[in-house]
Amino acid sequence: MTKTITFACMHFSIAFGVVYLLTGSIMIGGAVALIEPAINTVAFYFHEKLWNRLERRRHVSRARLPIPLYV
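Residues numbered from 1 in each chain as written. Predicted model: local features only at pLDDT ≥ 70, side-chain atom pairs only at ≥ 80, totals over all residues. Heavy atoms only, no water.

J.: I tried to follow the overall build of the chain on my own but got confused; where do I start?
T.: Looking only at helices and strands, one finds two helices and zero strands in the chain. Carbon and sulfur atoms make up 72% of the accessible area of the chain, which amounts to about 6,500 Å² in all. (Helix = DSSP H or I, 4+ residues; strand = E, 2+ residues; numbered from the N terminus. Areas by Shrake-Rupley, 256 points an atom, 1.4 Å probe, with all protein chains shown as cover.)

J.: In this structure, what is going on with helix α1 (residues 2-23)? I would like to understand it.
T.: Along an α-helix, residues three or four positions apart point the same way, because every turn accommodates 3.6 residues. Along its 22 residues, α1 runs 31 Å from first to last C-alpha, staying within 8% of the 32 Å computed at 1.5 Å per residue. Of the residues one or two after α1, G24 is the one with positive phi, at around 75°. (Expected span 1.5 Å × (residues − 1).)

J.: Please explain the packing of aromatic side chains as it appears in this structure.
T.: The relative placement of two aromatic rings is captured by the distance of their centres and the angle of their planes. Counted according to the given criterion, the structure contains two aromatic pairs. The interplanar angle of 10° and the centroid separation of 5.8 Å between the aromatic rings of F16 and Y20 together place this pair among those described as stacked. Placement of the pair is F16 and Y20 together in helix α1, with a separation of four residues, close to one helical turn. For Y20, a relative accessible area of 34% puts it in the partly exposed group. Ring geometry for Y45 against F46: centres 5.1 Å apart, planes inclined by 80°, an arrangement best described as edge-to-face. With a relative accessible area of 47%, Y45 lands in the partly exposed category. Given a relative accessible area of 52%, F46 falls into the exposed group. (Phe/Tyr/Trp six-rings, centres within 6.5 Å; stacked < 30°, edge-to-face > 60°. Buried < 20%, exposed > 50% of the residue type's maximum accessible area, 1.4 Å probe, protein only.)

What follows is the structure, given as structure tokens:
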């Protein structure tokens, strides 16, 4: 859990720092630092669902391959 928290802090800090450097606005930097990770989390959820579906299809495809016979 500590690793997750430190990663989240790093993510927020980087998002804030980049936007602040680009805009000079603490308000915009703060807003982006809060909004971007939230959107990224939702996108990651759907990414994982898609990835899991692709993995299941790959396993099914491999299961259908003929088993080689060694003589």
